[in-house]
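Coordinate analysis (summary)
The chain contents come next:
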Amino acid sequence: MQAQCVSLCLLGTMVFLCSAHARGLRRCVISTDMRRIEESFRGIKNAIQAKDTFQNVTILSTSETLHSIKPLDACCVTKNLLAFYVDRVFKDHQELSPQILRKISSIANSFLYTQKTLQQCQEQRLCHCSQEATNATRIIHDNYDQLEVRSAAIKSLGELDVFLAWIDKNHQGTSAASRQET
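Residues numbered from 1 in each chain as written. Predicted model: local features only at pLDDT ≥ 70, side-chain atom pairs only at ≥ 80, totals over all residues. Heavy atoms only, no water.

Looking now at the packing of aromatic side chains. Here the structure, examined in full by the defined rule, presents seven aromatic pairs. Taking 5.9 Å as the distance between ring centres and 50° as the angle between the ring planes, the aromatic pair formed by Tyr-85 and Phe-90 counts as tilted. In this structure, Tyr-85 and Phe-90 share a single accessibility class: buried. Judged by centre distance (5.6 Å) and plane angle (5°), the rings of Tyr-85 and Phe-163 are stacked. Of this pair, Tyr-85 sits in helix α4 (residues 74-92) while Phe-163 sits in helix α8 (residues 160-170), and the two are 78 residues apart along the sequence. Like Phe-163, Tyr-85 is buried. Here a set of aromatic residues connected by ring pairs shows up, and it is made of Phe-84, Tyr-85, Phe-90, Phe-111, Tyr-144 and Phe-163. (Phe/Tyr/Trp six-rings, centres within 6.5 Å; stacked < 30°, edge-to-face > 60°. Buried < 20%, exposed > 50% of the residue type's maximum accessible area, 1.4 Å probe, protein only. Helix = DSSP H or I, 4+ residues; strand = E, 2+ residues; numbered from the N terminus.)

So, in structure tokens, the structure goes:
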């Protein structure tokens, strides 16, 4: 009887430790104030979306890609989409307005900082990339590639709120803004 009790306690401990480890894999800390990024984007959203000539096409918005990401893949997809915005969208976008350009630069710098943080998580093997995560990122790149570069950059910038909301949902409690509330 006592052996069964000890076995049951060990099993319970193992389940608890495994679930804690899985949550830890999902929760690489995002030390960027996401609210500041959202405020910067709100300041340019209407101007960017007014330039979007393909209102019936989306890159992120209707994509089930982000909504189907498993919790363990959130870090990987976040890291990959930050790279997508930094390496493609921000570089491909050509902006004439100095005010909008300043806000885009601020967002890009915040993304670079966050990208480096998540890179450290990946180096510590805390940011797993499954095949599903890789496929989700590839679908977004494919959607981008279907448009002319300038149009794709405007479209992706206009949908930045979708990505920011997804980050907020999937990294709750790990961003600087969330930690400041507590």
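A word on the side chain of Asn-143. Its location among the elements puts Asn-143 in helix α6 (residues 131-145). A polar atom in the side chain of Asn-143 sits 3.2 Å from the backbone oxygen of Ile-59. For Asn-143, the contacting residues outside a window of four places in its chain are Thr-58 and Ile-59. (Polar contact = N/O pair within 3.5 Å; in protein donor to acceptor, adjacent residues only side chain to side chain. Contact = heavy atoms within 4.5 Å.)

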